[in-house]
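Architecture at a glance
Chain by chain, the residues:
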Amino acid sequence: MTLSFQQILSRISFSVLAALIGICFALPLIWFLFAPFNARAELGLEIPSPFTLKNFFTVFENTFAMRGLLNSFNQSIGGVVLVGFAATLAAYALSRSDIPGKKSITYLLLLFSSVVSGSAAMVPIFLIVSKLGLIDTHVAVILVFAGGLLPTAMFILRDFIDGIPKSYEESAMVAGASSMQAFRDVALPVIRPGIVVVVVWAFVNIWGSFLIPFILLRSDELMPASVAIYSFYSEAGTPIVTLLAAYALIYSFPVISLYLFVNWKFGFRFFGGIKA
C-alpha cells in the first residue's frame, strides 16, 4: 500500500513530536543518574568530572536520613501486609456473596477512600488518632494508610476473583473440601497476580507518602525517608543538590528493585488465571 505525501508528513510529524516529548522526560532522569556522582552542586546536565562517591558517604553519615529509610520500610511493610490480607478476604467475600447492591457498596467505598489520605481529611484523622492515643506511632500511620488504600485494593482484586468460575470452587467442595480449603487451594493461587499488583501498588503509595507521617508523627526517630529528605536542605531552604540527588537515588532503589523482582518472578497480569 502506497502512502500519500500527507500521510508520510503526518507520521514524520508525529514521530518528531513523540521524540521531543521523550527527550523532555528523559533529561531529568539522566540528570538524576549523573548528579549523585558529581562533586559540584549543579542543575546542568553533564557527565561527572571527576567521578566521585563522596556524596553517598556523606549521606550514609546522616543518621537521621538513614533511620528514615528503615522507618519507611517498616511503615510500608506493615501497610502492605494489612492491605493485602484484608483486601484479599474482603474482595473474595464481595465477589462470592449475594449481598444486594454489593457493586454500589464497592464504588461507595472507593469514592470515600479518595479523601482518607487527602489533605481535606487530615484534621478529623488527626483527632481520631489522638483520641485513640496513637499519635507518634507507626501503628497510626499504618492504619491510616490501610484505611485509604483498602477500598481501591478490594476493587482491583474483585475483578481478578470475578474471572474465576464458581464451578471450580464448587467442584472442590463436592470433593470434600471446606469453604476455606476451596479458597486457599483453588482461588488463592489463581488471584496471586492480582495480590502482587496490589502489594506493589500499596508499597509505592506508602513509601512515597509525605503528608500522613508528617502530621501524625512527632519524634525524629520515627520519621520516614519522605520527611527525612528535608535534612538535605540548608537553613535558608536551599537544597544541597549533590546530597539530595544521592539520597533520592538511594530512596528510589527499593521501589525499583521491588518492581523488577516482581516483574521477573511473577509478571504483571491484569486478569485472572482461569477463564470460563
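Counting of residues starts from 1 at the beginning of each chain's written sequence and follows it residue by residue. Restriction of local features to residues with pLDDT of at least 70 applies here, the model being predicted, together with a cutoff of 80 or more for giving and counting side-chain atom pairs; totals for whole chains, interfaces and linings are based on all residues. The basis for the side-chain values is all heavy atoms of the structure; hydrogens and waters are excluded.

**Structural notes on the overall build of the protein chain**
Stated precisely, the cut-off is as follows: Helix and strand assignments follow DSSP, with helices taken as H or I runs no shorter than four residues and strands as E runs no shorter than two, numbered in order from the N terminus. Here's how the labels work: a residue is buried when its accessible area is under 20% of the maximum for its type, exposed when over 50%, partly exposed in between, all with a 1.4 Å probe on protein chains only. In this description, contact between two residues means that some pair of their heavy atoms is separated by no more than 4.5 Å.
Along the backbone of the protein chain there are 12 helices and zero strands. Ordering the α and β elements of the protein chain from the N terminus gives α-α-α-α-α-α-α-α-α-α-α-α. Sorting the 276 residues of the protein chain into buried and exposed places 37% on the buried side. For the protein chain, long-range pairs separated by at least 24 residues make up 73% of all intrachain contacts whose partners lie at least 6 apart in sequence.

**As for helix 6 (residues 138-162)**
The following threshold applies: The span one expects for a helix is its residue count, reduced by one, times 1.5 Å. Think of it this way: the bend at a residue is just the angle between two axes, each fitted to seven residues, one set ending at that residue and the other starting at it.
A rise of 1.5 Å per residue sets the reference length of helix 6, with its 25 residues, at 36 Å; its end C-alpha atoms lie 35 Å apart and thus fit the reference within 8%. Along its length, helix 6 shows its largest kink, about 40°, at L149, and proline P151 lies within four residues downstream of that point.

**Some points on the packing of helix 3 (residues 63-96) against helix 6**
Here is the rule we go by: What counts as an axis is a line fitted to C-alpha atoms, over the stretch in contact for a helix, and the angles between N-to-C directions run from 0 to 180 degrees. Roughly parallel means an angle under 35 degrees; roughly antiparallel, over 145; roughly perpendicular, 65 to 115; everything else is oblique. Handedness of a helix crossing follows the sense of rotation of the near helix relative to the far helix, less than a right angle counterclockwise being left-handed and clockwise being right-handed. All amino acids are sorted into three groups, where Ala, Val, Leu, Ile, Met, Phe, Trp, Tyr, Cys and Pro are nonpolar, Asp, Glu, Lys and Arg are charged, and the leftover types, Gly among them, are polar.
Packing of helix 3 against helix 6 leaves a shortest axis separation of 6 Å and a crossing angle of 40°. In terms of orientation, helix 3 and helix 6 fall into the oblique class. Viewed along their axes, helix 3 and helix 6 form a crossing whose handedness is right-handed. Residues belonging to the contact of helix 3 with helix 6 are distributed by class as follows: 18 nonpolar, eight polar and three charged.

**Here's the deal with the side chain of N55**
Here N55 is to be found in helix 2 (residues 54-60). On the basis of relative accessible area, N55 is assigned to the buried category, the value being 7%. Residues contacting N55, with those up to four places away along its chain left out, are A35, P36, F37, N38, T242, L243 and A246.

**Considerations on the pattern of salt bridges**
So the rule is basically this: Throughout this description, the term salt bridge denotes a Lys or Arg side-chain nitrogen within 4 Å of a carboxyl oxygen of Asp or Glu.
A full pass over the atoms with the stated rule returns two salt bridges. Across the salt bridge formed by D162 and R158, the nearest N and O atoms sit 3.6 Å from each other. Of the two residues, D162 and R158 are both situated in helix 6; the distance of four residues between them amounts to about one turn of the helix. Of the charged contacts, one joins R184 and D185 as a salt bridge, the two residues approaching to 3.2 Å between their closest N and O atoms. Residue classification places R184 among the partly exposed residues on the basis of a relative accessible area of 45%. Accessibility expressed as a relative area gives 49% for D185, which makes it partly exposed.

**What to know about the nonpolar core**
Note the following rule: For this analysis, a nonpolar core means a set of buried residues of the types Ala, Val, Leu, Ile, Met, Phe, Trp, Tyr and Cys, connected via side-chain atoms within 4.5 Å.
Counting residues in each nonpolar core, the largest one holds 56 residues, and the members touching the most others are V59, L69, V83, I212, L216, F232 and Y247. Among the elements that take part in this core, helix 6 stands out by supplying 11 residues, more than any other. Every residue in contact with L216, bar those within four places of it in the chain, is listed here: F126, V129, I135, D136, A140, V141 and V144.

**Some remarks on unusual backbone geometry**
Unusually for a residue other than glycine, D136 sits at a positive phi of about 65°. Looking at the secondary structure, you find D136 in the loop between helix 5 (122-131) and helix 6.

**What about the environment of A228?**
Within the secondary structure, A228 sits in helix 11 (residues 225-228). Filtering out sequence-adjacent residues up to four positions away, A228 remains in contact with F64, A65, G68 and Y247.

**Some remarks on a nonpolar patch on the surface**
What counts is decided by this rule: Surface patches are drawn from residues lacking salt bridges whose relative accessible area is over 30%; two like charges belong together within 9 Å, two nonpolar side chains (Val, Leu, Ile, Met, Phe, Trp, Tyr) within 5 Å. Only the protein chains shown count as covering a residue, and every accessible area follows the Shrake-Rupley method with a 1.4 Å probe.
Together, I8, I12, V16, L20, I23, L27, I30, L33, F34 and I47 make up a nonpolar patch on the protein surface, roughly 880 Å² of accessible area in all. Inspection of the secondary structure assignment puts I23 in helix 1 (residues 5-34). With relative accessibility at 45%, the residue I23 sits in the partly exposed group.

**Remarks on the packing of aromatic side chains**
Two aromatic rings are characterised by how far apart their centres lie and by the angle between their planes. Note the following rule: For Phe, Tyr and Trp, rings pair up if their centres lie within 6.5 Å, where Trp contributes its six-membered ring, and each pair is then called stacked (planes under 30 degrees apart), edge-to-face (over 60) or tilted (otherwise).
Tallied over the full model, the rule gives 10 aromatic pairs. For the pair F37 and F51, a centre-to-centre distance of 4.9 Å together with 10° between the ring planes defines the contact as stacked. Taken together, the positions of F37 in the loop between helix 1 and helix 2 and F51 in the loop between helix 1 and helix 2 put the pair 14 residues apart, joining distant regions of the chain. With centroids separated by 5.5 Å and ring planes inclined at 15°, the aromatic side chains of F203 and W207 adopt a geometry described as stacked. Here F203 and its partner W207 are both found in helix 9 (residues 192-207), four residues apart, which amounts to about one turn of the helix. Both residues of the pair, F203 and W207, belong to the buried class. Of the aromatic side chains, those joined through ring pairs into one cluster are F203, W207, F232, Y247 and Y251.

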